[in-house]
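# Architecture at a glance
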Amino acid sequence: MAGKLLSPTEWESVIDDYNLGGAANLHRWTGGASVVDLCISSLLRKDFPVQLKLNLLTFLEHDSLDDSPLPSSSLSRLIDALRSVIQSPSDPFALKDQFLISTTAIFITSLLDNDELISGSPLRDLVELFLTIINRPNHGLDRHTRGVACECLRQLELAFPCLLSEITPHLWSLCQSERTHVSQWYVLLLSTTILNVVKLKPSGTSISSMSNATIPLIPFSVPQFLIDGVGSDFVWKEKEICYKELRRVVAAGTSGFFDEGAVLMAALHVRAIALPYFLGIYFKFLDSFQGQELEVASRIMLLSKEPQHHLVFRLLGLHWILGFFALIVGEDEAKKRSILDMSLRFYPTIFDPLAIKALKLDLLAYCSSLICNPGDASGLKGVEADKGVYQVTLFKDGLVSVSAFKWLPPWSTETAVAFRAFHKFLIGGSPHSDASSSSVGTLIESDIFYTLQVANEFVCTAPDAILYGLVGRCVASEVSRHVSLEEVLAAMGWGRQ
Amino acid sequence: MQSGCCIRGLWILNNQDFVIFSRKFPVVERRWRVACEKESDDNFKYHLLPYDSELASAFADRKKREGSARGFGIRVSQSVKGSDSWVDDPITRHVISLHINKEEKGESNLLWPLILHIKGPYSILVLPLVEPHHLKSYSRMCNRSDCGSAVGADENLSSLLLDLPSITGAFIVAHTIGEIILGEAVEPEVVAASSPSVGGLLDSLTGSIGISGISARPKPVAAPVAASTSSGTAVSGAVMSDAPKMGSRPLDKDVLRSFISSAMPFGTPLDLSYSNISAIKTTGFSSADTPPADRKQPAWKPYLYRGKQRILFTIHDTVHAAMYDRDEIPDSITISGQVNCRAELEGLPDVSFPLTGLDTARVQSLTFHPCAQVPEHGGDKQAITFSPPLGNFVLMHYQALCSVGPPIKGFYQLSMVSENEGAFLFKLSLMEGYKTPLTIEFCAVTMPFPRRRVVSFDGTPSIGTVSNTDHSVEWKIITNTRSASGKSIEATFPGTVRFAPWQAQRMPSFGSAIGSVADEDSDLETESSGSMVNVEDQIMEKMSKDLQAVDLEDPFCWQAYNYAKVSFKMIGPSLSGMSIDPKSVSIFPAVKATVEISTQVTSGDYILWNTLGKCPVAATPEA
């Protein structure tokens, strides 16, 4: 059976079988022959439809995940096939692009599993092919393919850090020349390369200057330190590369660095994407942003209010605020205060989806929990009376948005949200980690608890099942180890009559 | 923290829970494997990504366990330890976990965070790369034996999500794919004075480079300019379910594959602009497409425009209102809006104009397209500068308070005079205090009765016409602009509506939220309650007993209330105050280009609550 050529219909069955159940399903089709070799022969057939070839390429990529790494000979055959497709004037760009991508992916998975292959000729040949493609800046027809080749090189650089370090000056000059929309892809490639140089500081590199390349772009050779496998022990030698120059390149490319995010955003009109990345930067340089916490929190809050965003982004926004508060608050009284000052902004609005209402109630419960300690509330905006009144106001006001639970049937979503909020407000004042048995007293003496008692007028009308639900949550709780259930029920007036 | 978004794999399932498309990204998966091997222990090790059949069966299992494809979201009595709803958070309806069972090995592996996006008949699942400790942390959260996490607890979902920007990226991938497979990836609508609406990117492309074959293709169906809200729910009042609906359109896998190969060739999203990607795939580049001599083309503008130059703006306000006509509850009116733009300009010019129209006191938020730059807090002299892409795009979104009174005010009263008959009265005033050139193009009021069948109605409105369907009565107040230009209108409509006898529907066999069925004696209770004051309370009581739980994505149980929904469209100055003066639009380098601006105001959720019945409310903080 080996070497048997599969027809397009057979290939479709092979791919379907594979997707459904994996490589175990393949044997009856291949008869033990190498899947890669079978694919390569089909990829080179002129009479096979392009769509099938594209499918074959992704199939090969998928297969590389659970198959053993390809031997050097198969990789060489793959490169030969790739080269012939790239050079063919009749093959469409879509096929060329996908072939570049799939080959890179297969190489990365195979080479990483078999270090010895790194020094071999396939990797060198592959990089050289990519460099030939990208070395034609501003050329009209194949500009998109050049972008794809840049991305392939970037992935190789990410998989084998500093692979391209020695040709960085060439990449810099290509970056400066390219003016079509794919210039961003060149910038991305350059920035990844520089990042690796700065991070890993390869000692064997022969870059002496960014503006003067000492070695030609082609022929390419894999840096010796990668072959020697010393990548992780790089030692920076200051003389070998000029800091100033690097800084200049980075400055010139700054717009490019941020384009990575911008490209994504441009497509989406969704600023939501930028926020988590911004928050990432924020956390890394927390000290530099000192004093701007509220502005950051306000901006995230706006995200959750903007109806043009999909619900998920609005929910994420509320989660980020909660996570953000947890991160900055610590023991800092001033920060607690500024968070509490924001509490009015967390009130649910009428058209907020119930999911949003639930999370805004969480935020209010969080604010309520912040002023558990006596004295916290004094001087707070909107807190004329004591902290208990403030907590109760937050609780009552927040709950208005789901107050229909009082008359809706017990299985209504409003009821579920309301009781979830009861629970959060209740345990908010009694942290799970609190091992002290005094939490019994704290809980039952809390004003929130009192409010729940007052709320009995409607709680009593709720069916037992709901109460059991709420109580059931507490039974398993750490809190309940210290709080006698009977005590809670009696205090609530919920004991079964 | 992850520095970017990488996708390990994505799957699309149809409404029979069968995987119809899947894509895995070996380069990203390889990174996950290495990370797992570093952190592996007795309870944690690397597992291969599931095959389609394994994923499909895990998805079906979860659906069974969690009541629906999305799940409960909140912890309910059916929630089991280890499942998503055990975490007790609404976002677990969108960021889900699956337990993959490897039959031969008898072991289960947890896949999280899977982004679930349901679009038409399809469920799209996207798995972003996280770090192993994130997965371990989530796994602990779903197995914690406490009563649900306290806000601010040591290990909580919020802190975990804050650490995972890749989830946001994965959602955008899922949404884009959803639009592509349903053929809904359309550009925002831009209205020109000369023609009702102009085409998209391909039209300007093909128009400028003269490819007649492509430009002859049917134009994409223009999406409504405003991002649609849940208003559909309000009109139909139909039971909303998250179950995927049947669709007739087959999935175009080739289009999807080609998009993925351009947008995220290795699993890392690079450019998700479907209009640009499909233009590049269809049109390609010719040697005549020379890049500009002095500037670099931005990623969002792969093609340059050639031809007659003009720039169009469409300002679109959407008014949302909850009108109560009660002393104790204030009405709430908010406007969300956007400015759409289409710049047919040669080269790579910068366009700028001052943002004078929006009064800073009334503006709640402003967000801009990434091609725009707006100096921070410039006071009233704020100006926006942008380097426009080709095709239609949303230049900015805003949210503002209404600069004038509500366009439609008044009240709606509905009272049940018997079990099957209701008397109603509308007293409305339209455009009170409004002056020309603001004119109302159409205005209609709908009374939805999703749970009752309308048999007939009586009554004549002071203006307009009335019609009914099985489950609604519609009053068309204004149907053409001429009858209503530039003056305020008083409209009243007294009448009665008769329904078919009320039939109790079967109780839901499982409560989708709290999960308890009604008390068995609840019917008895109603019958024995002789103290009921009137027939109205009785019927409402009866009807509310078999209301089904709504999804967490709904604002409240629409069906529990009587209300009228107003829909209208107005032409003229915006209500938000957003305006652009054509004379103040400057283009650099200077070119001769016409500037056209159009403005429209439409209704979003514009609700008149029955003054005599129950209504949902929210507390307004006293700032």
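Use the structure listed above.
Quick summary incoming for the structure in this document. Numbering of residues begins from 1 in every chain and follows the order in which that chain's sequence is written. The order in which chains are written sets their letters, starting at A; the order in which ligands are written sets their numbers, starting at 1. Per-residue local features of the predicted model are confined to residues with pLDDT of at least 70, and side-chain atom pairs are confined, for both listing and counting, to 80 or more; whole-chain, interface and lining totals are unaffected and use all residues. To get the side-chain values, take all heavy atoms of the structure and skip hydrogens and water.

### Here's the deal with the pattern of salt bridges
Residue and element names in this part refer to chain A. Each salt bridge in this description consists of a side-chain nitrogen of Lys or Arg and a carboxyl oxygen of Asp or Glu lying within 4 Å of one another. For the structure on display, the rule yields 37 salt bridges over all chains. When the shortest N-O distance is used, the salt bridge between Asp47 and Arg45 registers 2.8 Å. Relative accessible area decides the class of each residue, using a 1.4 Å probe on protein chains only: under 20% of the type maximum gives buried, over 50% gives exposed, and in between gives partly exposed. Here Asp47 falls in the exposed class, since its relative accessible area comes to 53%. Arg420 is the salt-bridge partner of Asp362, the closest N and O atoms lying 3.0 Å from each other. Highlighted residues: Asp362 in helix H18 (residues 354-370) and Arg420 in helix H20 (residues 413-428), separated in sequence by 58 residues. For Arg420, a relative accessible area of 1% puts it in the buried group. Through salt bridges with shared partners, a single network forms among Arg136, Asp142, Arg146 and Glu178. By definition, any uninterrupted DSSP run of H or I lasting at least four residues is a helix, any uninterrupted run of E lasting at least two residues is a strand, and each is numbered from the N terminus.

### A look at the nonpolar core
Generally speaking, a soluble globular protein has its nonpolar side chains buried in company with each other. Formed by 122 residues in total, the largest nonpolar core has its most connected members in A:Leu316, A:Phe325, B:Leu10, B:Ile12 and B:Trp609. When residues in this core are grouped by element, the largest group, 13 residues, is from helix H16 (residues 311-329) of chain A. Only buried Ala, Val, Leu, Ile, Met, Phe, Trp, Tyr and Cys residues count toward a nonpolar core, and they belong to the same one when joined by side-chain atoms within 4.5 Å.

### Some words on the sheet that holds strand S14 (residues 421-430) of chain B
Residue and element names in this part refer to chain B. Should DSSP find at least two bridges between two strands, the strands are taken to pair. Pairing is antiparallel in the open sheet, where 4 strands are placed in the order S13-S14-S19-S16. The open sheet terminates on both sides in strands that have one partner only, identified here as strand S13 (408-418) and strand S16 (454-458). Direction aside, the axes of adjacent strands within the sheet are offset by 20° on average. Note: S16 against strand S19 (residues 489-499), 4 bridges, orientation antiparallel. The partner of Phe457 across the bridge, within S19, is Val497. The axes are straight lines fitted to the C-alpha atoms, using for helices just the contacting stretch, and the angles between their N-to-C directions are given from 0 to 180°.

### Comments concerning the environment of B:Lys583
All names here are of chain B. Structurally, Lys583 is set in the loop between strand S20 (563-571) and strand S21 (586-588). With relative accessibility at 77%, the residue Lys583 sits in the exposed group. In this structure the C-alpha to C-alpha distance between Lys583 and Lys435, which are 148 residues apart in sequence, comes to 24 Å.

### Comments concerning the packing of helix H6 (residues 93-112) of chain A against helix H8 (residues 143-159) of chain A
All names here are of chain A. It is at 10 Å that the axes of H6 and H8 come closest, and there the two elements cross at 5°. If you check the angle between H6 and H8, you find them roughly parallel. Residues Phe93, Asp97, Leu100, Ile101, Thr104, Ile108 and Leu112 of H6 touch H8, and the partners they reach there are His144, Thr145, Val148, Ala149, Cys152, Gln155, Leu156 and Ala159. A per-class count over the contact of H6 with H8 returns 10 nonpolar, 4 polar and 1 charged. If an angle is under 35 degrees, it is roughly parallel; if it is over 145, roughly antiparallel; if it lies from 65 to 115, roughly perpendicular; otherwise it is oblique. Pairs of residues are marked as contacts when any of their non-hydrogen atoms sit within 4.5 Å. Put simply, Ala, Val, Leu, Ile, Met, Phe, Trp, Tyr, Cys and Pro go in the nonpolar bin, Asp, Glu, Lys and Arg in the charged bin, and everything else, Gly too, in the polar bin.

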